[in-house]
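Analysis of the macromolecular model
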Amino acid sequence: MRVRFLGTAAGGGLPQWNCACTGCTLARRTGVGRTQDCLAITGDGSAWYLVNASPDLRTQLVHAPELAPGPGLRDTPLRGVLFTSAELDHTLGVLTLREAASLDIYATAPVRSALEGPFPAGPILSGYTTVKWHEVVPGQPVALDGGLTVTGVTLGAKRPRYAAGLPGEDWVVAYRFVDPATGGVFGYAPCLAQWSDAFASVIEGADAVVLDGTFMYDDEMTRETGLPGRPASSMGHLPIEQTLGKLPSGTLFLYTHLNNTNPVARPGAPELSRVTEAGAQIAADGQVLEL
Ligand code: MLT
Ligand code: MN
Ligand code: ZN
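Described below are features of the structure shown in this document. Quantities reported herein were computed from a predicted structural model and do not represent experimental measurements.

Ligand 1 sits among Glu87, Asp89, Lys158, His237 and His257. Contacts to ligand 1 include Asp89, whose side-chain N or O atom sits 2.8 Å from an oxygen atom. Between ligand 1 and the protein, one listed contact pairs an oxygen atom with a side-chain N or O atom of Lys158 at 2.7 Å. When the free accessible area of ligand 1 is taken as 260 Å², the share hidden by the protein chains comes to 68%. Counted by class, the shell around ligand 1 contains no nonpolar, two polar and three charged residues.

Written as structure tokens, this is what we have:
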């Protein structure tokens with residue numbers, strides 16, 4: 001299987017339009033930033049799936065050579081979209097796909113309820129294309145075009161703020177992709193609140209796992225902005241400093257969904273040595289993995 005990181009920043013991106021923090025100012029000055037978290041994955045190199053649809057999706061697709069259309073006028077290698085959550089930074093871009101002839105969307109029941117309710121992306125898209133919903137039932141493998149199978153694993157029940165009143169448990173999932181042709185196993189968990197048994201099951205036997213790198217430090221918002229801020233853990237994001245010591249050997253770990261306050265989102269940051277010493281990586285926009 002092949003995985004392409006389309007974007008690696010948390011909501012807002014790097015730089016964020018209204019932020020003058022150290023990281024955003026540096027990104028603006030150097031022109032080196034990050035687009036919002038999203039990836040593309042394929043088993044056979046022809047049938048591709050998006051995992052999440054970031055607000056930066058159009059630019060991300062235009063810069064991904066494997067996702068270029070053709071040879072027919074409206075042929076596209078894109079077969080569908082899987083959501084790990086209903087958060088706006090993971091879903092807003094789905095409206096960008098309205099030109100598709102049809103659109104296959106894979107989501108848990110609670111995520112679908114948000115996308116047909118308070119953020120009615122599904123009903124809006126239905127005015128432009130044919131939307132086909134596929135329910136992701138955690139623990140039940142789903143076969144994708146191109147040979148991959150994927151299983152959702154529930155990581156938490158944190159709802160987006162706009163969907164605060166909605167019921168359900170499976171609001172945040174990881175995906176575990178298996179390629180029967182190569183034996184490759186890939187895990188994707190951009191939002192991780194606890195190092196749970198469920199997350200351990202995503203890691204078990206995986207060649208590579210992409211995990212939540214939103215914050216380096218639990219007190220990062222205060223540390224980096226000087227303003228009173230909530231701890232990372234209270235926002236549903238286990239900070240990197242609390243996961244680095246837990247990474248088992250034998251699996252490549254890459255951090256994604258980096259907030260603009262995160263020092264390891266910046267090229268050459270001294271804190272990067274802590275990540276590399278643990279054998280892990282900070283994912284980069286455009287990076288490709290072959291498993
Ligand atoms: C999160 O990752 O916690 C959310 O995407 C926050 C947000 O709404 O930007
Ligand atoms: Mn987010
Ligand atoms: Zn900033």
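This brings us to the pairing of strand 1 (residues 2–7). Taking burial as the measure, the six residues of strand 1 include five buried ones, the bulk of the element. As paired strands, strand 1 and strand 14 (residues 288–290) are joined by three bridges and run antiparallel to one another. The residue bridging Val3 from the neighbouring strand is Leu289, located in strand 14. Sheet topology places strand 1 next to strand 2 (residues 38–42); five bridges connect them, and they run antiparallel.

This part takes up the nonpolar core. Core analysis: the largest hydrophobic core is formed by 62 residues, its most contacted members being Leu50, Phe83, Val94, Leu97, Phe199 and Tyr255. Discounting chain neighbours no more than four positions away, the residues touching Phe83 are Asn52, Ala53, His90, Thr91, Val94, Ile105, Tyr106, Ala107, Val111, Leu115, Val173 and Tyr175. Judged by nonpolar contacts, the second largest core, of 23 residues, contains Val150, Tyr188, Val210 and Ala283.

Now for the sheet that holds strand 4 (residues 78–82). On the basis of which strands lie adjacent, the open sheet formed by seven strands has the order 6-5-4-3-2-1-14 and mixed pairing. The two strands at the open ends of the sheet, each matched to only one other strand, are strand 6 (130–135) and strand 14. Along the sheet, successive strands turn relative to each other by an average axial angle of 25°, direction set aside. Across four bridges, strand 3 (residues 48–51) lies against strand 4 in parallel orientation. Across the sheet, the residue bridging to Trp48 is Leu78, located in strand 4.

The next point concerns the sheet that holds strand 10 (residues 185–189). Across the sheet, seven strands lie side by side as 7-8-9-10-11-12-13; this open sheet has mixed pairing. Here the strands that pair on one side only, and so sit at the sheet edges, are strand 7 (142–143) and strand 13 (281–282). As paired strands, strand 12 (residues 252–256) and strand 13 are joined by two bridges and run parallel to one another. Bridging from a neighbouring strand, Leu254 pairs with Gln281 of strand 13.

All told, the structure shown has eight salt bridges when counted by the stated rule. Linking Glu290 and Arg2 is a salt bridge whose minimum nitrogen-to-oxygen distance equals 2.6 Å. Separated by 288 residues along the polypeptide, Glu290 in strand 14 and Arg2 in strand 1 bring together distant segments of the chain. Measuring nitrogen to oxygen at the nearest pair gives 2.9 Å for the salt bridge that ties Arg266 to Glu224. In this pair, Arg266 is assigned in the loop between strand 12 and helix 9 (272–277) and Glu224 in helix 7 (residues 220–225), connecting sequence segments 42 residues apart.

The coordination sphere of the zinc ion (ligand 3), as far as protein atoms go, consists of Cys19 (SG), Cys21 (SG) and Cys24 (SG), spread over 2.2 to 2.3 Å. Summarised as a motif, the one-chain spacing of the donors to the zinc ion (ligand 3) is C-x1-C-x2-C. Residue classification places Cys19 among the buried residues on the basis of a relative accessible area of 17%.

Relative to the helices and strands, Glu220 is located in helix 7. At 6.6 Å, Arg266 is the nearest oppositely charged side chain to Glu220, a buried residue that forms no salt bridge. A polar atom in the side chain of Glu220 sits 3.1 Å from the backbone nitrogen of Tyr217. Among residues more than four places away in sequence, those in contact with Glu220 are Thr214, Phe215, Thr225, Thr261, Asn262 and Pro263.

About the cut-offs
Residues numbered from 1 in each chain as written. Chains lettered and ligands numbered in written order. Predicted model: local features only at pLDDT ≥ 70, side-chain atom pairs only at ≥ 80, totals over all residues. Heavy atoms only, no water. Near = heavy atom within 4 Å. Polar contact = N/O pair within 3.5 Å; in protein donor to acceptor, adjacent residues only side chain to side chain. Areas by Shrake-Rupley, 256 points an atom, 1.4 Å probe, with all protein chains shown as cover. Nonpolar A, V, L, I, M, F, W, Y, C, P; charged D, E, K, R; others polar. Buried < 20%, exposed > 50% of the residue type's maximum accessible area, 1.4 Å probe, protein only. Helix = DSSP H or I, 4+ residues; strand = E, 2+ residues; numbered from the N terminus. Pairing = 2+ DSSP bridges. Core = buried A, V, L, I, M, F, W, Y, C linked by side-chain atoms within 4.5 Å. Contact = heavy atoms within 4.5 Å. Axes fitted to C-alpha atoms, helices over the stretch in contact; angles between N-to-C directions. Salt bridge = Lys/Arg side-chain N within 4 Å of Asp/Glu carboxyl O. Donors = N, O, S within 2.8 Å, 3.2 Å for Na, K, Ca; no water. Lys, Arg positive; Asp, Glu negative; His and termini not counted.

By themselves, these observations are geometric and do not establish any function.
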